[in-house]
Amino acid sequence: MKYLPFVFKNLFRKKTRSLLTLGSILLPLFVICVMGTLLKTLSRDPSEGRGMYRLVVRHKVSLTNFIPEAYRERIFQLGGIQEMSIWCWFGGKYVDYSAKNQFARFGVEPEKFLKVFDEARFIEGTAPDWISDRAGAIVGDALAKKYGWKVGQKITLTGDIYPITLDLTIRGIYTAENASALFFNWTYVEEALPRVKGRIGTFYVKAKSAADVERLPKQIDALFENADPPTKTETEKDFQNGFVSMLGNVKFMLTGICTAIVFVILLIAANTMAMAARERVTEIAVLRTLGYQKSTILGMILGESLLLALFGGVAGLAFFVLTFPGFKAWLMNTPMAGFAAGIKLFPSVLAAGFGVAVFVGLVAGVVPAIRSARRSITDGLRQVG
Amino acid sequence: MSSVASVINSTTGTTLIRIDGLVKQYTRDTQVLTVLDNLSLTVDEGDFVALMGPSGSGKTTLLNLIAGIDRPTSGTILVGDQQVSSMSEAALAKWRSANVGFIFQLYNLVPVLTAFENVELPLLLTNLNRARRRKQAELALSVVGLADRMDHYPRQLSGGQEQRVAIARAIATDPKLLVADEPTGDLDSKNGEEILVLMERLNSEFKKTIVMVTHDPKAASRAHRLVHLDKGVLKEDVHAEKGKAVGMAAAISASST
């Protein structure tokens, strides 16, 4: 610790260079945090484990195809099912088709839905209010906050897949991870469009146990293997991962970009440290003449490199934390609003950013530190400047 | 610097440095260059020795070997009771920090540190606490007459003042031995004279043993003893009386050019 003031003074010996290097670490670290947060959001389970007993049953060919509602009874007969609910994508438009007005709208069976999606908690309104109102809807708190919606407020959805206009009354505001969707009673659509009745998009099934989660997908799909249409059943997690994979190999791309950024800041920091050590060859030889051990010199140069990277890294993390609310608010007004609702400040991403800074600091300093410590004193003293 | 004087006074009069059959060779590609050839020499405690000779005669190499910053090819160097030539690198570093003070031609102060912090550098290697380090560094700076400049950075000091800070750094840990490589080589005559007076004082008042490499007859004339090297061989070793030393040093210097 007694060498720390000396290390600090060395760090800012060339102020412009040090500040530029700090900047070249700060900004990439910020980008890494943004990318890491997107990656984390893409790969995490929004139900945080509570969805592990949920299965999604859909048409084997495509999500856009329907399956008969009559499948419900046959699926239930397989046993091990706590509850299941219709879960139909409505689409349509709210106000207009602009990006800022895009959010998920699903038709469900309220009573059953609340048993399947049991992590949802009402923060305004009540479940009975919603269940008893056929034109009622519940909205996620992120969505309610975005539009300033209140319980009792009326909103209109104009259908496109389903040519009807839904005049819905908000009967509840729920909170859960990624609470950015609107759910309404599917019966409303069925009554307005009788031809739709009996055909649904998906079933969400809540299994009773882990063994049932393992067993049911195979048994459900086997049950309808020769039926028209056949089904595809998967866990909620696999179902969501399927959407992510539809974006292409986004995770691979983001990971690749992050890796490249780490490599670039490593080169920049290493160059700075190499220059710093090269300029101090004589000075280091003088220190060793005074009796400084090789290990002390090694520690001082590594410490300097580590401090440089940590200053840049922590500044980058702080910049990210400070700008995060604005970043999220901006995303909420884009077609990624549903995805953005699940974005938060993940401690693991911040820890990874900090880890990157430590890694860069140590790796960037190790070669100059070893070379400085190993150079002979007499060679060092012969250098001029 | 009373503590310095007391330590040194107790050991004055005995041999501090004993060099026997010292050989130093460098290998450049396939060529072996002998810089010091079978050199033997003793230096008593409290002595003030000037190493003179032409460029390439091995003066600085000898100085480096005595100070333990270079290794001999063969031969032995005993400083006090330590066989410097056979110590491990870590042990040598520790030994240097406690026993040898260095004065360089170009001062070699750390530019980002104040005079005080430069003098404190060797003290950081000791077990002294912060207050004791401060006291010791202030004492060293007061000995060289720069107690009022301790917060100045090297760029704010003249060449002579920088060299005096370097001397304060050299004596901060109260070493027995001071080695100086052309300490006045980068100074004008007035500042050079002040540095030589200071070194004389360190030798006479604080009983520091000084081994100094110099080309300057005036600097050498301050020494008690002139050792003349040529092509790595000890050519002359003269104990000088005050007043006669100037002439002898001039003669050696003239023969070196």
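Residues numbered from 1 in each chain as written. Chains lettered and ligands numbered in written order. Predicted model: local features only at pLDDT ≥ 70, side-chain atom pairs only at ≥ 80, totals over all residues. Heavy atoms only, no water.

(A) Spotlight on the overall build of chain B. Within chain B, the secondary structure is distributed over 9 helices and 10 strands. Looking at chain B as a whole, 55% of its 257 residues are labelled buried. A sequence separation of at least 24 residues applies to 70% of the contacts in chain B between residues at least 6 apart. (Helix = DSSP H or I, 4+ residues; strand = E, 2+ residues; numbered from the N terminus. Buried < 20%, exposed > 50% of the residue type's maximum accessible area, 1.4 Å probe, protein only. Contact = heavy atoms within 4.5 Å.)

(B) Looking closely at the pattern of salt bridges. What the rule picks out here adds up to 29 salt bridges over all chains. A salt bridge links Arg72(A) to Glu69(A), with the nearest nitrogen and oxygen atoms 3.2 Å apart. On the basis of relative accessibility, which here comes to 9%, the residue Arg72(A) falls in the buried class. Between Arg225(B) and Asp237(B) there is a salt bridge, and its shortest N-O distance comes to 2.7 Å. (Salt bridge = Lys/Arg side-chain N within 4 Å of Asp/Glu carboxyl O.)

(C) Main features of the sheet that holds strand S5 (residues 82–83) of chain B. Residue and element names in this part refer to chain B. Ordered by their spatial adjacency, 4 strands build an open sheet running S2-S1-S4-S5, and the pairing between neighbours is antiparallel. The open sheet terminates on both sides in strands that have one partner only, identified here as strand S2 (31–44) and S5. When strand S4 (residues 74–79) meets S5, the two strands line up antiparallel, connected through 2 bridges. Note that in S5 the partner of Leu78 across the bridge is Gln83. Relative to the sheet, helix H2 (residues 59–67) contacts strand S1 (15–28), S2 and S4, its axis offset from that of S1 by approximately 120 degrees. (Pairing = 2+ DSSP bridges. Axes fitted to C-alpha atoms, helices over the stretch in contact; angles between N-to-C directions.)

(D) Just the packing of aromatic side chains, in detail. All names here are of chain A. Evaluation of the coordinates by the stated rule reveals 34 aromatic pairs over all chains. Aromatic side chains Trp89 and Phe106 sit 5.4 Å apart centroid to centroid with 70 degrees between the ring planes, which places their arrangement in the edge-to-face category. With a gap of 17 residues between them, Trp89 in strand S3 (residues 81–89) and Phe106 in strand S4 (residues 104–108) connect regions that are remote in the sequence. Judged by relative accessible area, which is 18%, Phe106 ranks as buried. With a centroid separation of 6.0 Å and an interplanar angle of 80 degrees, the aromatic rings of Phe117 and Tyr174 are classed as edge-to-face. On the criterion of sequence distance, the pair formed by Phe117 in the loop between helix H4 (110–116) and strand S5 (121–125) and Tyr174 in strand S8 (residues 165–175) is long-range, its members being 57 residues apart. (Phe/Tyr/Trp six-rings, centres within 6.5 Å; stacked < 30°, edge-to-face > 60°.)

(E) Here's a closer look at the state of the cysteines. Scanning the model with the defined rule gives 0 disulfides over all chains in all. Sulfur of Cys33(A): no disulfide; nearest cysteine sulfur belongs to Cys258(A) and is 9.1 Å away. (Disulfide = S-S within 2.5 Å.)

(F) Here's a closer look at the interface of chain A and chain B. Listed as interface residues are 20 residues of chain A and, on the opposing side, 26 residues of chain B. Where chain A abuts chain B, roughly 2,100 Å² becomes buried across the two surfaces, and 62% of that area is made up of carbon and sulfur atoms. Where chain A meets chain B, there are 3 salt bridges. Two residues, Glu117(B) and Lys9(A), come together in a salt bridge whose shortest N-O distance is 2.8 Å. Here chain A and chain B share 10 residue pairs in polar contact (both at pLDDT 80 or more) between them. For the side of chain A that touches chain B, the elements supplying multiple residues, two or more each, are helix H1 (4–11), helix H11 (281–290) and helix H15 (377–382) of chain A. In terms of residue class, the side of chain A that touches chain B is built from 8 nonpolar, 6 polar and 6 charged. (Buried area = accessible area lost by both parts, 1.4 Å probe. Polar contact = N/O pair within 3.5 Å; in protein donor to acceptor, adjacent residues only side chain to side chain. Nonpolar A, V, L, I, M, F, W, Y, C, P; charged D, E, K, R; others polar.)

(G) Spotlight on unusual backbone geometry. That bond from Asp228(A) to Pro229(A) is cis: its omega, 5 degrees, falls within 30 degrees of zero. Looking at where Pro229(A) falls in the secondary structure, it is placed in the loop between helix H8 (210–223) and strand S12 (231–235). A positive phi angle is found at Val95(A), which is not glycine, with a value near 65 degrees. Within the fold, Val95(A) resides in the loop between S3 and S4. One non-glycine residue, Lys231(B), lies in positive phi territory at about 50 degrees. Positionally, Lys231(B) belongs in the loop between strand S9 (225–230) and strand S10 (233–239). Owing to a relative accessible area of 68%, Lys231(B) belongs among the exposed residues under this scheme.

(H) Just the packing of helix H10 (residues 250–279) of chain A against helix H14 (residues 347–374) of chain A, in detail. Residues and elements named next belong to chain A. Interhelical geometry of H10 versus H14 gives an angle of 35 degrees and a closest axis separation of 9 Å. Two packed elements cross with a definite hand, and for H10 against H14 that hand is right-handed. Of H14, the residues touching H10 (which contributes Val262, Ile265, Leu266, Ala269, Ala270, Met273, Ala274 and Ala277) are Val356, Phe359, Val360, Val363, Ala364, Gly365, Pro368 and Ser372. Grouping the constituent residues of the contact of H10 with H14 by class yields 14 nonpolar, 2 polar and no charged. (Left-handed = near helix turned anticlockwise from the far one by under 90°.)

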